[in-house]
Amino acid sequence: MDKIEITGGDSLNGKIKISGSKNSALPILAAALLTEEKISVSNVPNLSDIFSMLELLRSLNVKIIKKKNNIDLISSTPKSLLAHYNLVRKMRASFLILGPLLARYGNAKVSLPGGCAIGNRPVNLHLDGLEKMGVAFKVEEGYITGTVNGRLKGAKINLNKISVGATENLIMAATLAEGTTIINNAAKEPEISDLSKLLIKMGARIKGFGTKKIIINGVRKLNRCSYKIMPDRIESGTFALCVFGCGGKVKLENVNNEICNHLIKVFKQLKSLELKKTDNGTSLLIQKNKNEEISLSVKTREYPGFPTDLQAQLTASLLKTKGRSEIVENIFENRFMHISELIRMGANLKQIGSKIIVKNCKKLKGAEVMATDLRASSCLVIAALMADGKTTINRVYHLDRGYENLEKKLKLCGAKIKRVQS
Ligand code: EPZ
């Protein structure tokens, strides 16, 4: 298993090209199942989660031609509509093939994804919504089998909790359903808007994406199209927090206006972090000004609130800041696996229930640490860049799930970081 070695203490200065969004690419790749025609997707990040989704789609008779960050997909009728446990357990977003398979073929057998390091991750909202559209489910031996008598039917679905994945699965299912589907309390993440724009290019009729009420009028068939994936919002936020923690000045390129506005808003309390849109919103200049005492209070929320996917990185970036900050994790019940590893580096952290108290630590020192999940691993990278001495991060396969060329991007900005094959 690869490790990453970092010698901390340097500020970051230079440019970083932001990759395409993992959390937009995954549902968009799954959407290729909705048509027999060719879907061409560009700006797809080279990440292990993407490769897992491609492996799953190949097992469902999707022909895939991949050239660097561009992928063509042609989905023909598969011999079996089974998404195997080995593939789904590796990458939970595999569950996003359920809606497309039921819409296209009226049948699907998908392994229940199970939990992960950050929580038990139920899928009841996906299933309840699909049942309202006419799917009959049965669960046996860890698999859920869905069957539809004829065609999915449009339905009015009230999600009792905001869920990105459930919203995406239901939108995709509804595109080919008979009649109109209304999804109330829908998630508003930009990745859902990106998926919706792709589906509309394929001929779907969708209104209200990006708001809490989405209306889909089903059509008989979807068609070929080409589409460019939006930039990665969380990667952008992660690098901004690297600069906050280490100091320096970095220009993030290949972003967009929505990402710039969102990060400027959610980082407002970080007074000494200056974020400035440039190049008509396709770049974001990040600069850390003088260190000053900050005592912030942040609660993670669904979009457009502070993203849960940046909680761990924010915690790490505050470790050497004077003051006392509170961060409350409201989305996942166990997104705290990074706390103990940060404490081993000398962090002054306390977890009380879902609240993390961050105080200035006297000395943040490099150590041998263990990555436990995707965002926890990027948080350890931030802490290592800030610490004195050398840090070795184990199990960096977690990092490779969601960050493309991370070491290269940071090295170009002056970080002492290298990957060690072991
Ligand atoms: C998506 O996961 C993202 N993953 C996550 O990013 C992100 O943290 C999450 O949305 C929240 O923004 C992808 O897009 C591939 P949810 P998802 O359904 O869809 C509960 C990363 O680091 N819930 O919005 O699985 C659930 O337990 C990953 O890139 C139910 O109760 O998240 C959680 O508490 C991690 N029942 C809350 O809703 C359900 O049926 C939000 O989950 C579904 C979800």
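Residues numbered from 1 in each chain as written. Predicted model: local features only at pLDDT ≥ 70, side-chain atom pairs only at ≥ 80, totals over all residues. Heavy atoms only, no water.

## Remarks on the domain arrangement of the protein
Size of an interface: often given as the accessible area lost when the parts come together.
Then step 1. Considered domain by domain, the protein is made up of domain 1 (2-19 + 231-421) and domain 2 (22-228).
Then step 2. Between domain 1 and domain 2, the residue contacts involve 23 residues of the former and 20 residues of the latter.
Then step 3. Between domain 1 and domain 2, a total of about 1800 Å² is buried, with carbon and sulfur atoms accounting for 49% of that surface.
Then step 4. By the criterion of area lost to domain 2, the three top residues of domain 1 are Tyr303, Arg401 and Glu404, representing 32% of everything that side buries. (Domains from an automatic or database assignment. Contact = heavy atoms within 4.5 Å. Buried area = accessible area lost by both parts, 1.4 Å probe.)

## Things to note about the site of the ligand
Then step 1. Near the ligand lie 22 residues; those nearest to it are Asn124, Ser163, Val164, Asp309 and Ile331.
Then step 2. Here an oxygen atom of the ligand and a side-chain polar atom of Lys22 are 2.9 Å apart.
Then step 3. In the model, an oxygen atom of the ligand is placed 2.7 Å from a nitrogen or oxygen of the Ser163 side chain.
Then step 4. Protein burial of the ligand: of its 830 Å² of free accessible surface, 88% is covered by the chains.
Then step 5. Among the secondary structure elements, those contributing two or more residues to the shell around the ligand are helix H1 (22-31), helix H5 (124-132), helix H6 (164-174) and helix H12 (374-386).
Then step 6. Among the residues making up the shell around the ligand, the classes are represented as 10 nonpolar, 6 polar and 6 charged.
Then step 7. Here the shell around the ligand spans two domains, since at least three of its residues come from each of domain 1 (2-19 + 231-421) and domain 2 (22-228). (Near = heavy atom within 4 Å. Polar contact = N/O pair within 3.5 Å; in protein donor to acceptor, adjacent residues only side chain to side chain. Areas by Shrake-Rupley, 256 points an atom, 1.4 Å probe, with all protein chains shown as cover. Helix = DSSP H or I, 4+ residues; strand = E, 2+ residues; numbered from the N terminus. Nonpolar A, V, L, I, M, F, W, Y, C, P; charged D, E, K, R; others polar.)

## A word on the nonpolar core
Then step 1. Counting residues in each nonpolar core, the largest one holds 75 residues, and the members touching the most others are Leu73, Ile97, Met133, Leu198 and Leu199.
Then step 2. Contact partners of Leu73, with chain neighbours within four places excluded, come to Leu29, Ala32, Glu37, Lys38, Ile39, Val41, Leu54, Leu57, Val62, Lys63 and Ile64.
Then step 3. Counting residues in each nonpolar core, the second largest holds 70 residues, with Met230, Leu296, Val298 and Tyr403 among its members. (Core = buried A, V, L, I, M, F, W, Y, C linked by side-chain atoms within 4.5 Å. Buried < 20%, exposed > 50% of the residue type's maximum accessible area, 1.4 Å probe, protein only.)

## Regarding the packing of H5 against H6
Then step 1. At their nearest, the axes of H5 and H6 sit 8 Å apart, and the two run at 25 degrees to each other. Taken together, the axes of H5 and H6 are roughly parallel relative to one another. In this structure, H5 meets H6 at a crossing whose hand is right-handed. Residues Leu125, His126, Gly129 and Leu130 of H5 pack against Gly165, Ala166, Asn169, Leu170 and Ala173 of H6.
Then step 2. Of the residues contributing to the contact of H5 with H6, the split by class is 5 nonpolar, 4 polar and no charged. (Axes fitted to C-alpha atoms, helices over the stretch in contact; angles between N-to-C directions. Parallel < 35°, antiparallel > 145°, perpendicular 65-115°, else oblique. Left-handed = near helix turned anticlockwise from the far one by under 90°.)

## Let's talk about helix H9 (residues 257-266)
Then step 1. Within the span of H9, buried status applies to Ile259, Cys260, His262, Leu263 and Val266. The arc that holds every buried residue of H9, seen down its axis, measures 165 degrees, which confines them to one face.
Then step 2. Lining the buried residues of H9 we find helix H8 (233-246), strand S16 (273-278) and strand S17 (283-288).
Then step 3. N-cap assignment for H9: the residue whose side-chain oxygen lies 3.1 Å from the backbone N of Glu258 is Asn256. (Arc of directions from axis to C-beta.)

## Quick word on the side chain of Ser75
Then step 1. With respect to the helices and strands, Ser75 occurs in strand S5 (residues 70-75).
Then step 2. Here the side chain of Ser75 touches Arg104 through a polar contact of 3.0 Å, side chain to side chain.
Then step 3. When sequence neighbours within four positions are dropped, the list of residues in contact with Ser75 reads Ala32, Leu33, Thr35, Glu36, Asn61, Val62, Arg104 and Tyr105.

## Considerations on the state of the cysteines
Then step 1. According to the stated counting rule, one finds 0 disulfides in the structure shown.
Then step 2. Here Cys242 stays free of any disulfide, with the sulfur of Cys246 as its closest cysteine sulfur at 6.0 Å.
Then step 3. With no disulfide of its own, Cys260 lies 16 Å from the sulfur of Cys413, the closest cysteine sulfur.
Then step 4. Looking at Cys260, the relative accessible area reads 0%, which means it is buried. (Disulfide = S-S within 2.5 Å.)

## What about the sheet that holds strand S8 (residues 135-140)?
Each strand in a sheet pairs with its neighbour through backbone hydrogen bonds, running either in the same direction (parallel) or in the opposite one (antiparallel).
Then step 1. The sheet built from 4 strands is open, its strands ordered S6-S7-S9-S8 with mixed pairing. Here the strands that pair on one side only, and so sit at the sheet edges, are strand S6 (82-83) and S8.
Then step 2. Pairing geometry for S6 and strand S7 (residues 107-111), over 2 bridges, is parallel. Counted as the bridge partner of Ala83 is Val110 from S7.
Then step 3. Against the sheet, helix H4 (residues 98-105) engages S7, S8 and strand S9 (143-148), with an angle of about 160 degrees to S7.
Then step 4. Contacting S8 and S9, H5 runs over the sheet at an angle of about 140 degrees to S8. (Pairing = 2+ DSSP bridges.)

## Topic: the packing of aromatic side chains
Then step 1. Enumeration according to the criterion identifies 1 aromatic pair in this entry.
Then step 2. A cation over an aromatic ring shows up here: Lys109 above the ring of Tyr143, its NZ or CZ 5.3 Å from the ring centre.
Then step 3. Cation over ring: Lys288 sits above Phe244, and NZ or CZ is 4.3 Å from the ring centre. (Phe/Tyr/Trp six-rings, centres within 6.5 Å; stacked < 30°, edge-to-face > 60°. Lys NZ or Arg CZ within 6 Å of the ring centre and 35° of its normal.)

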